[in-house]
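Here is how the chains run, residue by residue.
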Amino acid sequence: MNWSAGSFLRRVVFGCGLLATTIMPVPCLAAPAISRIMPPAGQRGGECEVTVTGSRLDEATDLFFEDGLIEQVGLEQPDGGTIKVKLRIPADCPLGDHRIRVRTPAGLSELRTFAIVDSPVRIEQETAGGNKQRNDSQEAAEVVVLEGGATQTVAGVARREDVDTYRVSLKAGEKISASLRGVRLNHTPFDPAVELVDENGFVIAACDDHPLLQQDAMISARVERDGNYFLRVRESAYLGDDNSFYLLHIGRFPAPLVGLPPGGKPGETLSVEWLGDSDGAWKADITLPKQLVRRDIQHDGIFNVAAVRDGVASAEGVPFRLSPLPAFRETEPNNEPTSCQTFPAPSAAWGQLQQDGDIDWMRFEAAAGSKWHVRAWGRRLGSPIDITLNAYQDNDKRQRITGNDDSAGPDSAMTVTVPKEGSFLVRVSDHQDRGGETFVWWIEATPVEPQMQVSVPPARTKSQQRLIAQVPRGNRFALVVNASRTDTSENVQPRMTDLPNGVQATPTPLPSNSPSSLLVFEAANDAELAATMAAVELVVVEKNAEPTAGSPEGGKAEEAPRVIGGLQQPTELVHGNPNRTCWRQSFSDRLPVSVVAAVPVEIDLVEPAVPLVQSGRLDLRVKIKRDEGFDGAIRLTFPFRPPGVGAASGVNVPADASEVVYPINANDKAAIGPWGVVVTATVTPKGELAKTRPSFEISTRPVTLNVSEPMLQLAVDRAAGELGSEVLMVGKLAAAAETSAKAMLLGLPAKCSVKEVAVSPGDTEVTFPITVPEDAPVGKHGSVVCELHVPQNEDWVIHKVKAGELRIDKPLPAPTKVAEKKPVVEQKPAEPKPKVLSRRERLREQARVIAAAGVEGSKASGAEE
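If you're wondering where the values come from, they're calculated on a predicted model, not measured in any experiment.

1. Here's the deal with the overall build of the chain
Looking only at helices and strands, the chain has three helices and 69 strands in total. Against the compact-globule benchmark of 29 Å for 865 residues, the chain has a radius of gyration of 39 Å, which places it well outside the compact range. Judged by the C-alpha coordinates and their principal axes, the chain covers about 130 × 120 × 70 Å. Across the chain, contacts joining residues at least 24 apart in sequence account for 70% of those joining residues at least 6 apart. With the model as given, the accessible surface of the chain reaches about 40900 Å², and the carbon-plus-sulfur share is 48%. The centroid of the 93 positive side-chain charges in the chain is displaced by 6 Å from the centroid of its 113 negative side-chain charges.

Here is the structure:
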């Protein structure tokens, strides 16, 4: 099997979000890092200037928007740690978070997000003025003028013990709404709070966490008197810092919590009842999009809708579920299974838990024995419901089949096998038996189909290290992807498209017995310094496929490859208490691939000439090529290990070495077959280069590692002997040897020795004469290992066998002369000494004597009478 870079070449033009650069020699730099984006949002339908600060931003070329929906029209770089970018945002740009990175010749930065809103954004005066103009009191409050129904958005920073104050003039009966976006800016675990107070400091409305906004806050109220009112923004425990950024939306906008229905079909027009606003419910028509453009929301099918009331749009979108399934509304009463509705599967159902203790039952009809996913959406739609699902048999006994509380994040999901009745019951409730008009739920029943996804595993440090491909010119980079399977055991070949020009991808196959695979990228020496979002498809490798048209054999028309999945990559953005739990993450079905400046080290893995056998070992040869004058540390790792194959955690390359050995081994159940493997290197330069490139990673090309059954099987018996002797340890072959080999024992006790033994064809036993010196350690030794080396292709196939126990004893002592026995003189036993009585025993004895005398006296006087 050929794993050369050209075997699975996928060379295509680069796609969205790319600004190409002139090909020219560049220094070896480190990937950039973002510390601040200010403002962190922009208004759609206009242009805005964004300042990005961070480290290693030298020679930045662009802001790389992964969806390619926002255009960059200018870039300035005042210094190596700051860039100013002018953006043009289309009027139809989707609201919400857009994935963004900074791109330099050294690659792409970590992932950040940039929010698109419907209102103009300005920076808080305190932040814009470098903290010279404080707004921490009512007297120094920053003035916000509300014109009509227009919403104002302020970008600010809530530092430690900082209370940012904004003054708004209102008339009696006027509405004021404010929403905060803090942790949802995906930068830091910032928990903001907002409150509205009057001129006397009395709190009119306050909020810390809002059900729609998670840890963020939103308030909406009408004032009773004319006057100045103040919005106060702070960290909920006054523990902010310079990274506690926020967006404050101020206006007269509505603030609904949920919509009813909470979802629909693509392109469908719905009459939606908006619930949860302080002014009560209202209805309005909305048209759902035909498709979702932002990749980070495609995995869940949820998008935000701005609710419009009296011509004013809400500042915070209400989540809606976009689904192709027919949707049905539950009807009351359905608190008992005998009065519930029946829905065909597949379909969706939606409704409300209208009061505390409310329970909704429904019935889904499907073929007996079929499997169905039953998924619920509640919290993800902005509802405060903690939804619980349970499935029951549709008969008189109504035995519970399965149930779930929170498999789908904050919501529920379960898999149901339809009983023989051809239907099953679903019970919907709140975990705490709560209810109300905003306790809205949406449920889908979909068939379980073969599906598969891959993702790059996150770093153990919960950072974004090694989640994207940064490929040096003229070099290679490798990523491990882990597979998640649903109802499938197909052998799969990953396929990649939309790579940068000059980049080849070599994905290794993903057989059914492997949990992981490799994506190996190689850039040409003249590849453009560019970045694209590459697609990963998982194509089923058909067994015994018939010849198709276009093949040499001819036959039927060529069929399109069967794709059963692709990439589903989560990226953790914000971690908080407890124990750095992930608070915020973003998903994408594309992989960023960037071509970066050339590096001064290259490594190659020599194709193994022999297989790695079960219960054997193999030394991989790695060649290292350094540019002249390079000085630095190189540490090799073996990132992908086929099932049952182990390897050293790493190998440090000596400074003067041009070739090193990387040892690997296999257990007795290692998966047999060809596997694509690589060796990767983490290079840490020294000297001047370390200032611009602290470290970088490269990879070898993939080679084939064949794992096979043992060629010889040997069982070595235990043995025992004395100090100063020769001990024979005998091993028996499972079958007569068909080839020559050499056998050796390793792990012998100190100072013991044995010579290697030749094995000839036809041999059935191997005998090892072990020399045990006088000063060898005495005792039982269980660390002895036998290795069988079988010659093949001018190399050795190494087998390892656990030998039996070797016991070393001390010699028995020499016999000594027995002395003559002396006659035994019988001695009379000594007379026992009288027992010495204690005072208590003497008193008892005296009492006994007196009592006995009294009895005798009584008998005597009776006789005289």
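2. Topic: the sheet that holds strand S56 (residues 673-677)
In spatial order, the strands read S50-S59-S56; together these three strands make up an open sheet with mixed pairing. At either end of the open sheet lies a strand with only one pairing partner, and these are strand S50 (612-613) and S56. Pairing between S56 and strand S59 (residues 703-708): five bridges, direction antiparallel. The residue of S59 that forms the bridge with Pro674 is Asn706.

3. Some remarks on empty space enclosed by the protein
Overall, the coordinates contain two cavities of 30 Å³ or more when judged by the stated rule. Of the pockets and cavities examined, the largest cavity occupies roughly 100 Å³. Sorting the residues of the lining of the largest cavity by element identifies strand S1 (33-38) and strand S9 (112-117) as the ones contributing at least two each. The element contributing the most residues to the lining of the largest cavity is S1, with four residues. Of the residues assigned to the lining of the largest cavity, the class counts are five nonpolar, four polar and two charged. Approximately 50 Å³ is the volume attributed to the second largest cavity. Of all elements in the fold, only strand S7 (96-104), strand S46 (569-576) and strand S48 (590-596) reach the threshold of two or more residues within the lining of the second largest cavity.

4. Considering the pattern of salt bridges
All told, the structure shown has 47 salt bridges when counted by the stated rule. Salt-bridge contacts for Glu126 lead to Arg159; the nearest nitrogen and oxygen are separated by 3.5 Å. Highlighted residues: Glu126 in helix H1 (residues 125-128) and Arg159 in the loop between strand S12 (152-157) and strand S13 (164-170), separated in sequence by 33 residues. Of the two residues, Glu126 and Arg159, both sit in the buried class. Salt bridges here are not isolated pairs; linked through shared partners, they connect Asp97, Arg181, Arg184, Asp216, Glu316 and Arg584.

5. Points about the environment of Arg400
Summarising the element assignment, Arg400 is placed in strand S34 (residues 400-404). Between the C-alpha atoms of Arg400 and Asp604, which are 204 residues apart in sequence, the distance is 58 Å. Ignoring sequence-local partners within four residues, the contact set of Arg400 consists of Asn390, Ala391 and Tyr392.

6. Let's talk about the confidence of the model for the chain
In this model, the chain carries a mean pLDDT of 89, and residues with pLDDT of at least 70 account for 91%. Segment residues 1-28: pLDDT under 50, and 84 contacts once partners within four positions in sequence are set aside and those in other chains are kept. Predicted confidence for residues 545-557 stays below pLDDT 50, and this span has 15 contacts to residues more than four positions away or in other chains.

7. Considering the nonpolar core
Across soluble globular proteins, nonpolar side chains show a tendency to be buried alongside one another. Membership of the largest hydrophobic core comes to 72 residues, with the highest contact counts inside it found for Leu636, Tyr662 and Met729. Among the nonpolar cores identified, the runner-up in size contains 29 residues, and Val456, Leu479, Ala527 and Val593 belong to it.

8. Let's talk about the sheet that holds strand S37 (residues 440-447)
Spatially, the five strands line up as an open sheet ordered S28-S30-S37-S32-S35, and their pairing is mixed. Each edge of the sheet is formed by a strand with only one pairing partner; in this case those strands are strand S28 (327-329) and strand S35 (413-417). Put simply, the sheet's adjacent strands are angled 20 degrees from each other on average, direction ignored.

9. A few points about the pairing of strand S31 (residues 360-365)
Judged by how many residues are buried, S31 sits mostly within the fold: five of six residues are covered. Of the strand pairs in this sheet, strand S29 (residues 341-344) and S31 are connected by four bridges, and their pairing is parallel. Looking at S31, one finds that Pro344 is bridged to Glu365. Bridge analysis of S31 against strand S36 (residues 423-430) gives six bridges, and the strand direction is antiparallel. Counted as the bridge partner of Asp360 is Val428 from S36.

10. Remarks on the packing of aromatic side chains
Summed over the entire model, instances satisfying the criterion amount to ten aromatic pairs. Among the aromatic residues, those joined into a cluster by ring pairs are Trp274, Trp282, Phe303 and Phe320. The ring of Trp796 carries Lys742 above its face, with NZ or CZ at 4.2 Å from the centroid.

11. Some details on unusual backbone geometry
Look at the link from Leu260 to Pro261: it is a cis peptide, with omega at 5 degrees. Along the chain, Glu332 connects to Pro333 via a cis peptide bond; the corresponding omega equals 0 degrees. Look at Arg398: it is not a glycine, yet its phi comes out positive at around 50 degrees. Along the chain, Arg398 turns up in the loop between strand S33 (387-393) and S34. Positive phi, normally seen in glycine, also occurs at Asn579, with a value near 55 degrees. Summarising the element assignment, Asn579 is placed in the loop between S46 and strand S47 (581-588). Overall, Asn579 belongs to the exposed group, its relative accessible area being 70%.

Thresholds, definitions, all that
- Residues numbered from 1 in each chain as written.
- Predicted model: local features only at pLDDT ≥ 70, side-chain atom pairs only at ≥ 80, totals over all residues.
- Heavy atoms only, no water.
- Helix = DSSP H or I, 4+ residues; strand = E, 2+ residues; numbered from the N terminus.
- Rg over C-alpha atoms; globule rule 2.2 N^0.38 Å.
- Contact = heavy atoms within 4.5 Å.
- Areas by Shrake-Rupley, 256 points an atom, 1.4 Å probe, with all protein chains shown as cover.
- Lys, Arg positive; Asp, Glu negative; His and termini not counted.
- Charge placed at Lys NZ, Arg CZ, Asp CG, Glu CD.
- Pairing = 2+ DSSP bridges.
- 1 Å grid on protein atoms, 1.4 Å probe; cavity = no way out; pocket = protein on both sides within 12 Å on 5 of 7 lines; lining within 4 Å.
- Points joined across faces, edges and corners; volume = space filled by probe spheres on them.
- Nonpolar A, V, L, I, M, F, W, Y, C, P; charged D, E, K, R; others polar.
- Salt bridge = Lys/Arg side-chain N within 4 Å of Asp/Glu carboxyl O.
- Buried < 20%, exposed > 50% of the residue type's maximum accessible area, 1.4 Å probe, protein only.
- pLDDT = per-residue confidence, 0-100.
- Core = buried A, V, L, I, M, F, W, Y, C linked by side-chain atoms within 4.5 Å.
- Axes fitted to C-alpha atoms, helices over the stretch in contact; angles between N-to-C directions.
- Phe/Tyr/Trp six-rings, centres within 6.5 Å; stacked < 30°, edge-to-face > 60°.
- Lys NZ or Arg CZ within 6 Å of the ring centre and 35° of its normal.

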